[in-house]
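Structural overview for review
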Amino acid sequence: MQTLILCIDRDNDLGEKANIRGPLIGREANIEAAVMLGTADPEDSDTNTIFGGIRVLDDLTAKGVDAEIVTLAGDKNIGIISDQKIANQLDLILKKFNAESAIFISDGAEDETLLPIVQSRIKIDSVKRIVVMQSANLES
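Residues numbered from 1 in each chain as written. Predicted model: local features only at pLDDT ≥ 70, side-chain atom pairs only at ≥ 80, totals over all residues. Heavy atoms only, no water.

1. Some words on the nonpolar core
Note the threshold: Here, the term nonpolar core denotes a set of buried Ala, Val, Leu, Ile, Met, Phe, Trp, Tyr and Cys residues that are joined through side-chain atoms within 4.5 Å. Three exposure classes are used, based on accessible area relative to the maximum for each residue type with a 1.4 Å probe and protein chains only: buried under 20%, partly exposed in between, and exposed over 50%. The way it works is that DSSP assigns letters per residue, a run of H or I at least four long becomes a helix, a run of E at least two long becomes a strand, and they are numbered from the N terminus. Throughout, a residue-residue contact means that at least one pair of heavy atoms, one from each residue, lies within 4.5 Å.
Within the largest apolar cluster, 19 residues are counted, with the highest numbers of intra-cluster contacts made by Ile5, Leu14, Ile20, Val56, Leu60, Ile69 and Ile105. Sorting the residues of this core by element identifies strand S1 (3-9), helix H1 (13-18), helix H2 (27-40), helix H3 (45-62), strand S3 (67-73) and strand S4 (101-106) as the ones contributing at least two each. Broken down by element, this core gets its largest block of residues, five residues, from H3. Excluding residues within four positions of it along the chain, Ile5 makes contact with Gly53, Val56, Leu57, Leu60, Ala67, Glu68, Ile69, Val70, Ile103 and Ile105.

2. A word on unusual backbone geometry
At the junction of Gly22 and Pro23, the peptide bond is cis and its omega measures out at 0 degrees in the coordinates. Looking at where Pro23 falls in the secondary structure, it is placed in the loop between H1 and strand S2 (24-25). Phi is positive for Asn12, close to 55 degrees, though the residue is something other than glycine. For Asn12, a relative accessible area of 14% puts it in the buried group. In this structure, Asn19 is a non-glycine residue whose phi angle is positive, near 55 degrees. By the secondary structure assignment, Asn19 is in the loop between H1 and S2. A relative accessible area of 70% means that Asn19 is categorised as exposed.

3. A closer look at the pairing of S4
Our working definition: At least two DSSP bridges between two strands are required for those strands to pair.
Counting buried positions along S4 gives six out of six residues, so the element sits mostly inside the fold. Because side chains alternate across S4, one face comprises the buried residues Ser101, Ile103 and Ile105, and the other comprises Ala102, Phe104 and Ser106, equally buried. The pairing of S1 with S4 spans five bridges and is parallel. When the sheet's bridge partners are listed, Thr3 is paired in S4 with Ser101.

4. A word on the layout of surface pockets
To keep it simple, the criterion reads: Grid points spaced at 1 Å over the protein atoms alone were grouped into cavities, where a 1.4 Å probe fits but cannot get out, and pockets, open sets with protein on both sides within 12 Å along at least five of seven lines, with lining residues defined by an atom within 4 Å of a point. Grid points are joined across faces, edges and corners, and a volume is the space filled by probe spheres set on the points.
When its volume is computed, the largest pocket comes out at roughly 180 Å³. Lining the largest pocket, in full, are Asn12, Ile20, Arg21, Gly22, Ala73, Gly74, Lys85 and Gln89.

5. Here's the deal with helix H4 (residues 80-96)
Quick note on the threshold: Multiplying 1.5 Å by the residue count of a helix minus one yields the expected span of that helix. This arc is built from the directions going out from the helix axis to the C-beta atoms.
Taking 1.5 Å per residue, 17 residues should reach 24 Å; H4 reaches 24 Å between its end C-alpha atoms and fits that length. Buried within H4 are the following residues: Ser82, Asp83, Ile86, Ala87, Gln89, Leu90 and Ile93. Down the axis of H4, the sector holding all buried residues measures 165 degrees, keeping them to one side. Exposed and facing more than 90 degrees away from the buried side of H4 are Ile80, Leu92 and Lys95. Where the residues of H4 are buried, they touch S1, S2, S3 and helix H6 (115-119).

6. Brief notes about the sheet that holds S4
The criterion, for reference: Here the axes come from fitting lines to C-alpha atoms, over the contacting stretch only for helices, and the angles between their N-to-C directions go from 0 to 180 degrees.
What the five strands build is an open sheet, ordered S2-S3-S1-S4-S5; its pairing is mixed. The sheet is open, and its two borders are formed by S2 and strand S5 (123-129), each paired with just one other strand. Taken together, the two bridges between S2 and S3 define a ladder with antiparallel strand orientation. Each residue of the ladder has a partner; that of Leu24, found in S3, is Thr71. Where H3 meets the sheet, it contacts S1, S3, S4 and S5, and its direction lies at approximately 175 degrees from that of S1.

Geometric values such as these leave the question of function open.
The following block contains the structure:
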């Protein structure tokens, strides 16, 4: 495999809110998890992160790139415990897939603190932050 698309759920909303364990491998598993998380908590931004990763996967595969999507989930105790869980999941994924590089998908700065951990294991070609746009009428 050429490219690994990594979605990060540092605080494990997938597990806490939707009872889903990471890592999630593949398009279908990620769609199912995003729908379950979105149903459990429609305001959780990790849902959009996963759908954003799926969009990147679809765009790359349409261009003939050999890619796979993986979502890694940490722990509600953000910090050492969470980061170690994500690092361990990433190590398992990299043993399974011989990826050359990764695209890092996140919903903000908190998840992006994991960039050094990911970069110590695989080359990152791009970082994509998923930001939800809202209508001014909705915000008021």
